[in-house]
Amino acid sequence: MSTMEAEESAPLLTVENLVVEYPSKKFRAKPFRALTDINISIGQGETLGLVGESGSGKTTLGRAVLGLAPVTDGRITFEGRDISHATRKQRRTLSRDLQVVFQDPYTSLNPALEIGAILAEPLGVQGLEQTAARKRVKELLDQVGLPSDAIHRLPREFSGGQRQRVAIARALALSPKLIVCDEPVSALDLSTQARVLDLFLQIQKDTGVSYLFVSHDLDVVRHISHRVAVMYHGEIVEQGPAAVVTRDPEHPYTQRLLLASPVPDPDRQEQRRADRHRLLDSQRHQHEQAGAVA
Amino acid sequence: MSDSVETAAVAAPAPSLNTGQSGTVVRSTVIRRLLRNPLGIIAMAILLAISLLAILAPVLAPFQENYSNIAKTLAAPDSVNILGTDSAGRDVWSRLLFGAQLTLLSALLCAGVAIAIGLPAGLIAGYYAGKFEAVSNWMVSILMSLPGLIVLLTIRAAFGPSVWISMIAFGILISPSYFRLTRTAVQSVRNELYVDAARVSGLSDLSIIARHIFSVVRAPIIIQTAAIAGVAIAIQSGLEFLGLGDPTKATWGVMLSEGFKNVYLNPTLLFWPALAMALTIGGLVLLGNAIRDALEDGEKIKHRKKAAQQKGTTAAPARAGQQRQSMAAVELGTEHHLVKVTNLGVGYPQADGSVKKVVDDVSFHVDRGEILGIVGESGSGKSQTAFSILGLLPDNARIVAGSIQFDGNYTVAPGEERVDQARLSRLRGKRISYIPQEPMSNLDPAFTIGYQLVTPMVRVLGIPKEEARKRALKLLADVGIANPERTFSAYPHEVSGGMAQRVLIAGAISCEPDLVIADEPTTALDVTVQADVLDLLRELQQRLNIGVILVTHNFGVVADLCDRVAVMQNGRLVEEGSVRDILRNPKEQYTRTLLASMLEGKTPMSMLVSSQKEPAA
């Protein structure tokens with residue numbers, strides 16, 4: 001596992017032939033297959049954007065990396081270690097390097113705990129003593145642009161954007177190498193979204209952290225990612241540099257996705273609308289032709 | 001404490017002016033609310049007094065519990081025996097005090113045993129589910145099917161007349177109630193994201209349960225305990241009253257039994273223990289209710305008759321009369337507008353008597369065949385404005401200023417405090433319809449889609465069912481559903497989100513309205529589906545020539561559909577104009593900031609808003 005050259009060139013996270021299946025509720029029914037044959041990798045300081053519609057499996061992929069979804073087949077490797085079936089104890093060690101920011105800042109923070117206690121939680125797990133933890137919490141609040149008196153406040157006293165900053169601070173607490181961001185800006189207002197995206201970029205610049213950035217919004221993914229993977233029906237249909245995938249996509253679904261996103265100008269939007277209808281027509285045409293040939 | 005934060009949160013995005021949203025959310029803590037509830041205070045006072053008497057029994061009681069003065073039986077109250085004596089010459093006051101001790105302790109023991117069994121079992125079953133839950137559910141079902149009184153009688157026969165043993169047994173019998181309560185509460189938070197976050201942090205299950213899950217069940221457990229302690233006292237006294245208690249111990253039940261035997265000789269012997277029990281059980285029940293009321297957030301706020309608004313208007317009654325006259329006629333020259341909102345203000349009365357304004361001085365109009373977009377961020381008051389046109393504001397909301405007119409008639413006349421439901425219900429569904437944000441939660445899962453489309457048409461248009469069915473099928477085809485028959489007979493859970501939104505749009509236009517209010521109609525949909533739904537809305541609006549108010553936060557959607565745009569911030573309308581003017585040459589700084597936050601056309605990986613040190617979001 002640890003030959004020198006492998007360590008040097010190996011990406012931070014690799015996912016190979018990943019399959020995730022959820023057992024069906026019905027007796028002896030076929031399990032539900034959420035992910036099929038997923039292959040991705042993320043390098044040091046790199047952002048992989050994961051885009052797709054609801055139910056495409058993009059959230060499940062993030063959860064599988066975090067150990068929150070069952071890995072049926074395939075391998076997830078983090079820094080050369082196989083973490084596909086890591087135990088809780090291994091996860092505890094892993095949590096230093098692998099963290100998460102969830103979509104909904106309203107349910108991802110325990111409403112009964114003060115911000116200080118929420119941020120100190122991962123520190124306490126790693127056995128940091130109280131005074132050191134307190135100091136670190138102050139640093140974190142500063143890093144995400146929250147006032148230091150936030151320590152003794154409850155989550156409900158903050159707006160959505162501020163809560164998301166708390167969630168980001170919690171993810172940063174242990175200076176991880178990879179943060180799985182599950183739609184972290186989807187629940188936020190436009191101007192808040194812009195500030196939080198700035199924060200993500202700033203943190204990456206400062207700390208060299210990698211992101212697995214899950215979003216349904218192609219604009220967001222284009223803005224923040226180095227590389228982009230497009231998911232559709234539990235599979236990755238297209239993967240490549242952000243500029244290519246989000247501007248000149250090959251796969252029909254990505255093409256549809258690109259033209260579906262409206263632009264903030266009536267005339268350009270009219271143009272885009274026409275382009276989209278043309279694309280849909282041509283794709284329908286191709287589909288029919290393919291059907292006729294078969 | 002929370003006041004300052006709320007203000008800070010409002011003030012952060014932009015310096016809030018004197019106009020706009022005002023007032024703060026005033027919350028009061030649980031304890032304070034408990035103390036403000038007279039029933040809560042009374043209950044706590046009673047329980048505190050009884051507990052103190054019980055604790056101080058050895059000091060306060062003039063006699064030992066079983067000390068009997070044979071020479072002085074069934075005596076009336078005097079200076080030595082302040083409540084008299086019983087048939088064995090024992091002092092009633094002393095026995096009452098020692099009885100309180102035993103009764104309260106045994107009730108505590110019973111609740112303690114029940115919690116000790118039910119709470120951990122419920123936590124584990126709720127958190128892990130699986131086999132443990134299945135097995136414990138079985139055990140609970142068995143326990144609950146046992147006839148309690150018979151079990152207690154059997155145990156008394158087997159172990160003798162000990163209060164403690166019977167209360168332990170009763171605690172076991174009643175533990176399922178804690179188990180079920182805890183399990184249900186835990187199940188509801190088991191999959192919350194903060195529990196997932198704790199798992200990712202590597203917290204052990206035990207710490208997760210202790211830190212994140214236990215806090216959820218704390219409050220219901222306290223409430224439940226108050227009730228169960230009351231039941232335990234009643235059961236225990238009941239057993240003793242039947243003569244199954246320990247005659248050597250002074251308890252209220254034993255005293256009640258003794259009093260009942262001598263009811264013709266000295267009725268007051270029955271009265272005192274009965275009073276003590278009634279006070280204690282009543283106190284516990286009231287305390288439980290008071291805690292529950294205090295924990296439930298919905299504070300009942302009495303609105304002080306427009307005190308805040310009418311301060312200074314001395315001639316209020318005269319003004320009201322004048323307004324009633326002007327009811328029928330709207331301002332001349334404005335009646336051709338389909339909707340006209342003038343200086344509208346919406347507020348919520350707070351606990352301290354102030355009014356929290358969420359909409360302030362908003363004016364706009366919509367004509368037939370026109371789409372007006374209302375853009376703003378969450379909390380800007382855009383939905384509240386839309387809801388006041390629909391008359392769907394929550395009950396505690398007040399129209400604090402302004403008026404709304406629809407097709408030449410007031411729906412909210414100037415000076416009216418609330419939307420007149422009688423006036424609006426004639427319009428709603430028929431001439432004004434609504435497309436909601438969450439398509440799924442706006443369809444009733446218990447009825448087929450066809451039923452939900454047909455019923456309003458039959459009611460509102462008064463057409464026969466067959467005709468309504470035909471129309472519904474045509475509408476479904478109109479909104480681009482490929483197989484109308486199948487969707488018509490489907491239940492809401494059988495269709496996708498995009499399909500459900502099409503159904504709701506079909507419903508919104510089914511009664512041929514003049515105005516459609518769409519509140520973020522595409523926000524919950526996938527981008528590709530959103531594009532289809534926008535196409536549909538545009539096509540329908542042009543064909544039917546209806547006025548549309550589109551509430552959204554997305555400038556792309558605005559560019560796609562709207563003719564005119566109104567931008568809202570903190571309850572105020574900051575800018576209004578044609579869609580090209582607003583999107584290309586915004587005059588207000590706020591609109592510019594919003595447009596600058598758009599990602600379209602930006603250099604990837606560049607900072608969007610914060611070249612300098614950024615403020616908190």
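The rules we used
Residues numbered from 1 in each chain as written. Chains lettered and ligands numbered in written order. Predicted model: local features only at pLDDT ≥ 70, side-chain atom pairs only at ≥ 80, totals over all residues. Heavy atoms only, no water. Contact = heavy atoms within 4.5 Å. Buried area = accessible area lost by both parts, 1.4 Å probe. Salt bridge = Lys/Arg side-chain N within 4 Å of Asp/Glu carboxyl O. Polar contact = N/O pair within 3.5 Å; in protein donor to acceptor, adjacent residues only side chain to side chain. Helix = DSSP H or I, 4+ residues; strand = E, 2+ residues; numbered from the N terminus. Nonpolar A, V, L, I, M, F, W, Y, C, P; charged D, E, K, R; others polar. Buried < 20%, exposed > 50% of the residue type's maximum accessible area, 1.4 Å probe, protein only. Pairing = 2+ DSSP bridges. Axes fitted to C-alpha atoms, helices over the stretch in contact; angles between N-to-C directions.

What exactly am I supposed to notice about the interface of chain B and chain A here?
Often the size quoted for an interface is simply the accessible area lost on bringing the parts together. Across the contact, 63 residues belong to chain B and 74 residues belong to chain A. Carbon and sulfur atoms supply 56% of the area buried between chain B and chain A, which totals about 6100 Å² over both sides. Our count for the contact surface shared by chain B and chain A stands at ten salt bridges. A salt bridge links B:Asp532 to A:Arg276; the shortest N-O distance between them is 2.3 Å. Joining chain B to chain A, the criterion identifies 26 residue pairs in polar contact (both at pLDDT 80 or more). Only helix H1 (2-11), helix H9 (193-200), helix H10 (205-241), helix H21 (527-544), helix H22 (555-561) and helix H23 (579-584) of chain B provide two or more residues apiece to the side of chain B that touches chain A. Classifying every residue of the side of chain B that touches chain A gives 29 nonpolar, 15 polar and 19 charged.

What is the right way to read the side chain of A:Thr246 from this model?
All names here are of chain A. The residue Thr246 is located in helix H9 (residues 242-247) in this model. Owing to a relative accessible area of 0%, Thr246 belongs among the buried residues under this scheme. Once residues lying within four places of it in the same chain are set aside, the contact partners of Thr246 are Leu218, Arg222, Val228 and Leu258.

What's the story with the sheet that holds strand E4 (residues 73-78) of chain A in this structure? I'm lost.
To summarise the sheet geometry, strands pair through backbone hydrogen bonds and adopt either a parallel or an antiparallel arrangement. Residues and elements named next belong to chain A. An order of E2-E1-E4-E5 is seen for the four strands of this open sheet, with the pairing classed as antiparallel. Two strands in the sheet have a free side with no partner beyond their single neighbour: strand E2 (32-42) and strand E5 (81-82). Here five bridges tie strand E1 (residues 13-22) to E4, and the two strands are oriented antiparallel to one another. Note that in E4 the partner of Val15 across the bridge is Ile76. Sheet strands in contact with helix H2 (residues 58-66) are E1, E2 and E4, and its direction is about 110° off that of E1.

Even after reading the chapter, I still don't get the sheet that holds strand E2 (residues 355-366) of chain B, so can you show me in this structure?
Residues and elements named next belong to chain B. The four strands are arranged E2-E1-E4-E5 in an open sheet whose pairing can be described as antiparallel. One side of each edge strand has no neighbouring strand; the edge strands of this open sheet are E2 and strand E5 (409-412). Each adjacent strand pair in this sheet contributes to an overall mean axis angle of 20°, direction not counted. Two elements, strand E1 (residues 339-349) and strand E4 (residues 398-406), share seven bridges in a ladder whose sense is antiparallel. In the sheet register, Val339 faces E4, and the bridge partner there is Phe406. Those strands touched by helix H15 (residues 382-390) are E1, E2 and E4, and its axis lies near 110° from that of E1.

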